[in-house]
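Overview (structure and organization)
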Amino acid sequence: MKKETKPVDALSEAEAKTELERLATEIARHDEAYHRQDAPVIADAEYDALKRRNLAIEESFPHLRLADSPSLKVGAPVAEGFGKITHRVPMLSLDNAFSDDEVRDFVHSVYRFLGKLPDQSIAFTAEPKIDGLSMSIRYEDGKLVSAATRGDGTIGENVTANVRTISEIPNTLPEGAPSVVEVRGEVYMAKEDFLALNERMAAEGKQTYVNPRNTAAGSLRQLDASVTASRKLRFFAYAWGEMSDMPADTQHGMIEVLSSWGFPVNPLTKRLESIEAMIDHYNGIGLARGDLSYDIDGVVYKVDRLDLQGRLGFRSRSPRWAIAHKFPAEKAATRLTAIDIQVGRTGALTPVARLEPITVGGVVVTNATLHNAGEIERLGVKIGDMVQIQRAGDVIPQVLGVVSSPDDAVEFEFPATCPCDLKTPVVREETASGVEGVIRRCSGEFACPFQRKEHLKHFVSRKAFDIDGLGEKQIEYFYDDETLPIRQPADIFTLKARDEANGLQRLKNREGYGETSARKLFDAIESRREIALDRLIFALGIRHVGEQTAKTLARAYGDWASVHEAALEIAGGDQVAMEEMDALDDIGPAVVEAVGRFFGEPHNVDMVDRLTAELTILEAEKPSQDSAVAGLTVVFTGSLEQMTRDEAKAMAERLGAKVAGSVSKKTDILVAGPGAGSKLTKAQELGVRTMDEDGWFELVGVAPGR
Ligand code: IVH
């Protein structure tokens, strides 16, 4: 049990002294976990809270400050440890394929997108997927000027000093290299270096690392670069960011250039012309995997020609021209000790298997998902069974099946009511065809405290409103509070006003708060009253609307009024509004339906209205405002001859246009190829600007085939 924390201004001198000692030890322990093991055991926000409490006590009792207080240490803070670098070209991730068929689908999608016939073959490169951490290293006039981690893809950590200590990474480029070069690749640690380091750590009585990847990450994130230098880190180059000039026009050509500049490139990289050759290469690398001196977790295929890569472009977070063919996940067996039911934001009841702790691929696993009631039935799993579990990447481990079942194993009975106090009946969801589905939901929706709490937790989470000092724990606390409760998002923003009605007495006198912490929470809330549109959309917790979808919606609609209007129109069954949303890249009918459903519920509409009345919602940044079609709605019809429909759509969206499937009075441009029929007639009737494909290329100033 965690000790309850007393407000700072209620501490006696003796208590303050003990508390400062306790905090110093605890913070040191977390510093160690984060910086040395790269395996933090608490969230950044909790860590920050410890540091803030330490500081607050020192402010009240300056004479008690310890000589080695955490507040005096340079570089200890997690968040401020490294400066930030904004990537000029975002560092994206890759889509995954888990089977040969998914690789075939990927290759076919490339052909389909480009509209090439299968006999005009497209070559791919196949490279091992190194299990390390990606790095972007910038050179100006041949000199290494900065190096940054991937971070969230847009902003990374500045680790220049540390990267300079990696001997495999050149500090200068040879004469003739372009003036601006950003080399990207993977920093990793070889297996034997990892083992040797761990032996040393163990000999010194220090905590050992779990696997080479975490070790590489931990070694790089040393604020003291001399520690990084003492660890043997290595590098493989396989990509690039900003380049003032391109020295080659294929992926394999670029790899050769990078190699000629002195970067290590992976010797198992190959240029291949057919799906079968790609899969053969993957199988070959899979066999050799154990003998390699470094960890890999798959093979990355990339379209070789860079002009084709350019045409294929990107989806929201990954390129259309590449895919990672992953190796099968790691498995292990352990005992299932209990099954708990968790109620999610959408009311879905998820059974979670509690496991005897076991290490799978270097990570200790104690929980695994059982997905739903049907899965428990299908696996025939009972409490007490030995089960096989699987962990793939960073996703929550899953139970694969029963290894053995002792006589005293107990069958799990799925509850018929929600574990919340209301004991609301659990309903089985029906599928589109009316068949009873496997997902059981609490029917309580907003009456179910679990769901409301989960909604609120999502609302304040890092990628949503991200309010300092208002995390999951505090939501639980405020939700159940009688005098100053938070039961819906708007309540967060009325918290201070409600407390003011009581002379600002309630929060500061609450357990765990004091004058300072209450003020800090109010300030943190205040600073979030102004919010980016995509964060707001994501925060609403609409089913199927994740971070990326929220970004897409924000970008496409531009401001809250337009999003709101479209959502209400969709809820009202407006076909045009539905088609417009459906036409957006990466958005399908499930999202449109979920948006319609959400805004079709009067209490959701009310909740959103109350919330938005409290906020200033920033407009989304529109992509390429300077293009001739930015902000316009375009419809393509007829057969296009110089690009496929998908390519046309992607190009229009890249240039900031919205692509719709049907002509309406909102249409700005109709691009009509040969054979255009009713859409052309309708556009002419409505007086919509109409052009052919050449006209389109002329308007946007892009040459066909680019
Ligand atoms: S290409 C735009 N090539 O895998 C695509 N990535 O899951 C840029 N990775 O963040 C990535 N080996 O850290 C690429 N040969 C390889 C790779 C590779 C490892 C990592 C990289 C990336 C992650 C995506």
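This text follows the structure it describes.
The following refers to the structure shown. For clarity, every value in this text was computed on a predicted model and none was experimentally measured.

Quick look at the packing of aromatic side chains now. By the definition in use, this model includes 15 aromatic pairs. Residues Phe-236 and Tyr-294 carry aromatic rings whose centres are separated by 5.2 Å and whose planes lie at 70° to one another, so their mutual orientation is edge-to-face. Of this pair, Phe-236 sits in strand β8 (residues 234–243) while Tyr-294 sits in the loop between α9 (275–288) and β10 (296–303), placing them 58 residues apart in sequence. We note that Phe-236, like Tyr-294, is buried. Ring pairing ties together the aromatic residues Tyr-139, Phe-235 and Phe-263, which thus form one cluster. The ring of Phe-414 carries Arg-440 above its face, with NZ or CZ at 4.7 Å from the centroid. One cation-aromatic arrangement involves Arg-487 over Tyr-479; the distance from NZ or CZ to the ring centre is 5.7 Å.

Here the focus is the side chain of Thr-228. Topologically, Thr-228 is positioned in helix α7 (residues 225–230). Given the relative accessible area of 1%, Thr-228 is considered buried. Only 3.0 Å separates the side chain of Thr-228 from the side chain of Asn-162, close enough to count as a polar contact. In contact with Thr-228, other than residues within four places in its own chain, are Asn-162, Thr-165, Ser-219, Leu-220, Gln-222 and Leu-233.

Below, the discussion takes up empty space enclosed by the protein. One pass over the full model with this rule turns up 6 cavities of 30 Å³ or more. Counted as a void, the largest cavity has a volume near 70 Å³. Lining the largest cavity are Phe-446, Arg-452, His-455, Leu-456, Phe-459, Arg-487, Gln-488, Pro-489, Ala-539, Leu-540 and Met-607. Of all the elements, helix α12 (residues 449–460) adds the most residues to the lining of the largest cavity, at 4 residues. Considering only residue class, the lining of the largest cavity consists of 7 nonpolar, 2 polar and 2 charged. Residue lining of the second largest cavity: Ile-537, Leu-540, Ile-542, Leu-553, Trp-560, Val-563, Ala-567, Met-581, Val-595 and Phe-599, and that is the complete set. A total of 3 residues in the lining of the second largest cavity trace back to one element, the largest contributor, which is helix α18 (residues 560–571). In terms of residue class, the lining of the second largest cavity is built from 10 nonpolar, no polar and no charged.

Neighbouring the ligand are the residues Leu-94, Glu-127, Pro-128, Lys-129, Ile-130, Ser-134, Arg-150, Glu-186, Tyr-238, Val-300, Lys-302 and Pro-319. Interatomic distance of 3.2 Å between a side-chain N/O atom of Lys-129 and an oxygen atom of the ligand. The contact in question runs from a nitrogen atom of the ligand to an N or O atom on the backbone of Ile-130, over 3.1 Å. A total of 530 Å² of accessible area belongs to the ligand in isolation, and the protein chains cover 87% of it. Elements with a contribution of two residues or more to the shell around the ligand: β3 (124–130) and β10. A total of 4 residues in the shell around the ligand trace back to one element, the largest contributor, which is β3.

Right, let's get into the packing of α18 against helix α19 (residues 575–582). It is at 8 Å that the axes of α18 and α19 come closest, and there the two elements cross at 120°. With respect to α19, the element α18 is oriented oblique. In the crossing of α18 with α19, the sense of the turn from one axis to the other is left-handed. Contacts from Ala-566, Glu-569 and Ile-570 of α18 reach α19 at Ala-577, Met-578 and Met-581. Of the residues in the contact of α18 with α19, the class split is 5 nonpolar, no polar and 1 charged.

Our next topic: α9. Between the first and last C-alpha of α9 there are 20 Å, a value that for 14 residues agrees with the 20 Å anticipated at 1.5 Å per step. For α9, the full list of buried residues reads Ile-275, Met-278, Ile-279, His-281, Tyr-282 and Ile-285. Down the axis, α9 shows its buried residues gathered within 155° of arc, on one side only. Along α9, the residues that are exposed and aim more than 90 degrees away from the buried face are Asp-280 and Leu-287. Considering only its buried residues, α9 is in contact with α3 (100–114), β3, β9 (270–272), β10 and β11 (322–326).

The rules behind the values
- Residues numbered from 1 in each chain as written.
- Predicted model: local features only at pLDDT ≥ 70, side-chain atom pairs only at ≥ 80, totals over all residues.
- Heavy atoms only, no water.
- Phe/Tyr/Trp six-rings, centres within 6.5 Å; stacked < 30°, edge-to-face > 60°.
- Helix = DSSP H or I, 4+ residues; strand = E, 2+ residues; numbered from the N terminus.
- Buried < 20%, exposed > 50% of the residue type's maximum accessible area, 1.4 Å probe, protein only.
- Lys NZ or Arg CZ within 6 Å of the ring centre and 35° of its normal.
- Polar contact = N/O pair within 3.5 Å; in protein donor to acceptor, adjacent residues only side chain to side chain.
- Contact = heavy atoms within 4.5 Å.
- 1 Å grid on protein atoms, 1.4 Å probe; cavity = no way out; pocket = protein on both sides within 12 Å on 5 of 7 lines; lining within 4 Å.
- Points joined across faces, edges and corners; volume = space filled by probe spheres on them.
- Nonpolar A, V, L, I, M, F, W, Y, C, P; charged D, E, K, R; others polar.
- Near = heavy atom within 4 Å.
- Areas by Shrake-Rupley, 256 points an atom, 1.4 Å probe, with all protein chains shown as cover.
- Axes fitted to C-alpha atoms, helices over the stretch in contact; angles between N-to-C directions.
- Parallel < 35°, antiparallel > 145°, perpendicular 65-115°, else oblique.
- Left-handed = near helix turned anticlockwise from the far one by under 90°.
- Expected span 1.5 Å × (residues − 1).
- Arc of directions from axis to C-beta.

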